[in-house]
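# Survey of secondary and tertiary structure
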Amino acid sequence: SNRDGKLFFKNVENLNAKLESLARTYVREQSLKELRQRLAELFKPVNNWCYHEALPLPALDEITLSADRTSLVITEPYVAQGLNPQLRQFWEQTTFKNRVGFLTGARNTFDSLIESAKRLKAIQHILDEMEADKVPENDPQSKQADELRDRILNQFLSAVKETFTTLYYPTRQGNQDVLSPADFLMTFEGNNYRGEDQILQVLKEKQKFTDDVSSDIFRKKIEARLFTTQVMLWSEVKKRAAMT
């Protein structure tokens, strides 16, 4: 304002205000969709050594297991304790018990994670608008938007790390199939994250995964665990591997 009380303004929006205003317009289902897309990208399988598909926050009837594919189910933490009883019951009743693992947690941080996903969606919308309007990259607003995106992305990754802290994987105790929990500590290098590598590392530490597949020890393990008769169809060998 000047001495005469006149107000002057620029045709530049307050990005923080726009971001928060836009984020408030998203309903929960929109935020969950954004969260699923982000989780799918973080845990996208590349090598397919431990799992072939990542299922982020699926409904129970969306989980379909087969002998030829292993699934990583990323599920909302069950705050009471441990794995959601419905998922545990699903696993106990499925035939292919060795073809699925569950990534979850025990902390009540899921709502904060959804809020972070909502704000990520909002800043991406703002950046897309700027690109459509051909705002130069060296424009102050464009730089501010990029800084906002980086800060919100860091907040999102931190919320993911706090939320998903336990990996349940199938194993055997005596003659019984069980789901065993393992601590899952997500580590980031900048904003780069490959969930598949870290899942593999946890399973390797628990001796659920090995890359030593040429030794006599490995061969004897396979013979003892999979070959139940002197002659077996290859399809039966694969089926037993998926079940046991």
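An account of the accompanying structure is given in this report. (Residues numbered from 1 in each chain as written. Predicted model: local features only at pLDDT ≥ 70, side-chain atom pairs only at ≥ 80, totals over all residues. Heavy atoms only, no water.)

## Notes on the packing of helix 4 (residues 110–132) against helix 5 (residues 140–163)
Going by this rule: Interaxial angle, 0 to 180 degrees, is taken between N-to-C directions of lines fitted to C-alpha atoms, where a helix line uses only the stretch in contact. Numbering of helices and strands runs from the N terminus, with a helix taken as a DSSP run of H or I at least four residues long and a strand as a DSSP run of E at least two residues long. Oblique is the label for every angle not falling under 35 degrees (roughly parallel), over 145 degrees (roughly antiparallel), or within 65 to 115 degrees (roughly perpendicular). Note on convention: the crossing is left-handed when the near helix lies turned anticlockwise from the far helix by less than a right angle, right-handed when the turn is clockwise. Residues are sorted three ways: Asp, Glu, Lys and Arg are charged, Ala, Val, Leu, Ile, Met, Phe, Trp, Tyr, Cys and Pro are nonpolar, and all the rest, Gly among them, are polar.
It is at 9 Å that the axes of helix 4 and helix 5 come closest, and there the two elements cross at 155 degrees. By the angle between their directions, the pair helix 4 and helix 5 is classed as roughly antiparallel. Of the two possible hands of crossing, helix 4 and helix 5 adopt the one that is left-handed. For the contact of helix 4 with helix 5, the class distribution of residues is 14 nonpolar, five polar and three charged.

## Re the packing of helix 2 (residues 28–42) against helix 4
The cut-off we apply is this: Residues count as neighbours in contact if any of their non-hydrogen atoms are within 4.5 Å of one another.
At their nearest, the axes of helix 2 and helix 4 sit 8 Å apart, and the two run at 85 degrees to each other. The angle between the axes of helix 2 and helix 4 places the two elements in the roughly perpendicular class. Contact residues: helix 2 offers Arg-28, Gln-30, Ser-31, Leu-32, Glu-34, Leu-35 and Arg-38, while helix 4 offers Phe-110, Asp-111, Leu-113, Ile-114, Ala-117, Lys-118, Leu-120, Lys-121 and Gln-124. Here the contact of helix 2 with helix 4 is composed, by residue class, of seven nonpolar, three polar and six charged.

## Looking at the sheet that holds strand 2 (residues 71–74)
Note the following rule: By definition, two strands form a pair when at least two bridges between them are found by DSSP.
Taken together, five strands build an open sheet; the order of strands is 1-2-3-4-5 and the sheet is mixed. Each edge of the open sheet is held by one strand with a lone partner, namely strand 1 (53–56) and strand 5 (176–183). Strand after strand, the sheet turns through a mean of 30 degrees between neighbouring axes, direction not considered.

## Overview of the environment of Ala-23
What counts here: Summary of the burial criterion: residues with accessible area below 20% of their type's maximum are buried, those above 50% are exposed, and those between are partly exposed, where the area comes from a 1.4 Å probe applied to protein chains only.
Structurally, Ala-23 can be placed in helix 1 (residues 15–24). A relative accessible area of 5% means that Ala-23 is categorised as buried. With 100 residues separating them in the primary sequence, Ala-23 and Ile-123 have C-alpha atoms 8.6 Å apart.

## Section: the packing of aromatic side chains
Geometrically, a pair of aromatic rings is defined through the distance of the ring centres and the angle of the planes. Selection rule: In this analysis, rings of Phe, Tyr and Trp, with Trp reduced to its six-membered ring, are considered paired at centre separations within 6.5 Å, and the interplanar angle assigns stacked below 30 degrees, edge-to-face beyond 60, and tilted for intermediate values. Any Lys NZ or Arg CZ found within 6 Å of a ring centre and within 35 degrees of that ring's normal is scored as a charge over the ring.
Within the structure shown, the criterion is met by one aromatic pair. Pairing Phe-43 with Phe-184 gives two aromatic rings, centres 6.3 Å apart and planes at 40 degrees, and the pair type is tilted. You can see Phe-43 sitting in the loop between helix 2 and strand 1 and its partner Phe-184 sitting in the loop between strand 5 and helix 6 (195–205), a full 141 residues away along the chain. For Phe-43, a relative accessible area of 0% corresponds to the buried category. Residue classification places Phe-184 among the buried positions, given a relative accessible area of 1%. The positively charged end of Lys-97 is found above the aromatic ring belonging to Trp-91, 5.6 Å away from the centroid. For Lys-121, the ring lying beneath its charged end belongs to Tyr-26, and the centroid distance is 5.3 Å.

## Brief notes about the nonpolar core
Quick note on the threshold: To form a nonpolar core, buried Ala, Val, Leu, Ile, Met, Phe, Trp, Tyr and Cys residues must be joined to one another through side-chain atoms within 4.5 Å.
Counting 47 residues, the largest nonpolar core has Leu-35, Leu-39, Phe-43 and Phe-156 as the members making the most contacts within it. Looking at this core, the elements that each hand over two or more residues are helix 1, helix 2, strand 2, helix 4, helix 5, strand 4 (166–173) and helix 6. Beyond its immediate sequence surroundings of up to four residues, Leu-39 is in contact with Pro-56, Leu-57, Ile-74, Val-160 and Phe-164. Judged by nonpolar contacts, the second largest core, of twelve residues, contains Leu-65, Val-100, Phe-102 and Leu-179.

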